[in-house]
Amino acid sequence: IISSILYFLLIYVMGILATTASDVLVYTAQLTNFTNLAVIVEAWSVVRDLANMFFIVILLVIAFGTLFRIEAYSWKKLLPKMVLAAILMNYSRAICGFIVDASQVVMLTFVAAIKDAASVGLAEAFNLSQLLKFGDTLKPDEGTTTSSQQRLLAIVAAGFMLATMFTVQCVYIVVLIGRLVMIWFLTVLSPLAYVTKVLPATEHYSSQWWEMFGRYVTVGPL
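Quick caveat: nothing in here was measured; it's all calculated off a predicted structure.

(A) Inspection of the confidence of the model for the protein at higher detail. Counting all residues, the mean pLDDT for the protein is 84, and 86% of those residues have values of 70 or more. When mean pLDDT is compared element by element in the protein, helix H10 (residues 203–219) scores highest at 95, while helix H7 (residues 134–137) scores lowest at 49.

As structure tokens, then:
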């Protein structure tokens, strides 16, 4: 009786949860072209227009820096950087999309390998059905207490493995969804990464953006 109850709770229920989590994981990992969503494009356009206004402030800073002969803010150093930033800023979303797509190609290689296993069910993919035969293959005599204990042990072991599998997949799903949200957020703010690169006082903000963007792009394939 205990074995039957545990089989339903640990094997049947956890098997469904683990298989569902696997499907969600594969679906999340297969998402592509998500930097071209309409809402992302619209939000990025607003930030880009605001970032263009900062160039007026940068020009004033360059003017005063040149006037007061502050070497770090002279036009010879900052004007080329400003022109390059003005050009790249308008293509910042496309640059983000190219980098993200490159990482997605690597991710899809691994997803293709686990997709088939997910479709047939993880219990069969990891041969958990063999573990459930533990009580049958090792029992000395039919219907003995020893064989019942062996089957109970097999069910508990298989249930523990399924629960561990489900937990690990949930962690992966949370990581991938968090990665997706952060890439959206950083793509929207990408124009500021180029504007803040111009002035020495704001250059560290650009470095922070690139560090965060690189981290969330690579965490998927890793």
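Next, the rest of the story.
(B) Representation of the pattern of salt bridges in the model. In the structure shown here, the tally under the stated rule is 3 salt bridges. Across the pair aspartate 49 and arginine 48 runs a salt bridge whose closest N-O atoms are separated by 3.5 Å. The partly exposed category is assigned to aspartate 49, whose relative accessible area is 41%. Given a relative accessible area of 22%, arginine 48 falls into the partly exposed group. Here arginine 215 ties to glutamate 211 by a salt bridge, and the two come within 2.7 Å at their closest N and O atoms. Here arginine 215 and its partner glutamate 211 are both found in helix H10, 4 residues apart, which amounts to about one turn of the helix. Take arginine 215: its relative accessible area is 39%, and that puts it in the partly exposed class.

(C) Fine view of the side chain of glutamine 104. With respect to the helices and strands, glutamine 104 occurs in helix H4 (residues 92–120). Residue glutamine 104 is classed as buried on the basis of its relative accessible area, which comes to 3%. Within polar-contact distance, the side chain of glutamine 104 engages the side chain of arginine 179 at 3.0 Å. Not counting the four nearest positions on each side in its chain, glutamine 104 is found in contact with Ala29, Leu31, Thr32, Phe34 and Arg179.

(D) Up close: unusual backbone geometry. With a phi angle near 55°, arginine 69 is a residue other than glycine that sits in the positive phi range. Summarising the element assignment, arginine 69 is placed in the loop between helix H2 (38–67) and helix H3 (75–89).

(E) Just the packing of aromatic side chains, in detail. A full pass over the atoms with the stated rule returns 5 aromatic pairs. Measuring from ring centre to ring centre gives 6.1 Å for tyrosine 194 and tryptophan 210, while their planes differ by 85°; the resulting arrangement is edge-to-face. Placement of the pair is tyrosine 194 in helix H9 (residues 190–195) and tryptophan 210 in helix H10, with a sequence separation of 16 residues. On the accessibility criterion, tryptophan 210 (33% relative accessible area) is partly exposed. Judged by centre distance (4.8 Å) and plane angle (90°), the ring pair of tryptophan 209 and tryptophan 210 falls under edge-to-face. Classification of tryptophan 209 as buried rests on a relative accessible area of 7%. Counting every residue linked through ring pairs, the aromatic cluster contains Tyr194, Trp209, Trp210 and Phe213. Here arginine 93 stacks its cationic end above the ring of tryptophan 44, 5.4 Å away from the centre of that ring.

Thresholds applied
The residue numbering used here restarts from 1 in each chain and proceeds along that chain's sequence as written. The model is predicted, so local features are restricted to residues of pLDDT at least 70 and side-chain atom pairs to those at 80 or more, both for listing and for counting; the totals for chains, interfaces and linings are taken over all residues. Each side-chain value is worked out from all heavy atoms of the structure, with water and hydrogens disregarded. Think of pLDDT as the predictor's per-residue confidence, scored from 0 to 100. Helix numbers and strand numbers start at the N terminus; a helix is a DSSP run of H or I with at least 4 residues, a strand a run of E with at least 2. We define a salt bridge as a contact between a side-chain nitrogen of Lys or Arg and a carboxyl oxygen of Asp or Glu at a distance within 4 Å. To sort residues, take the accessible area from a 1.4 Å probe on protein chains only and compare it with the maximum for the residue type: under 20% means buried, over 50% means exposed, and anything in between is partly exposed. N or O atoms within 3.5 Å of each other form a polar contact, as long as, within protein, one can give a hydrogen and the other can take it, and as long as residues adjacent in sequence are counted only when both atoms are side-chain atoms. Any two residues having at least one pair of non-hydrogen atoms within 4.5 Å are treated as being in contact. Stacked, edge-to-face and tilted are the three classes for Phe, Tyr and Trp ring pairs, Trp counted by its six-membered ring, which pair at centre distances within 6.5 Å; planes under 30 degrees apart are stacked, over 60 edge-to-face, the rest tilted. Comment: the charge-over-ring label is applied if NZ (Lys) or CZ (Arg) is within 6 Å of the ring centre and within 35 degrees of the ring normal.

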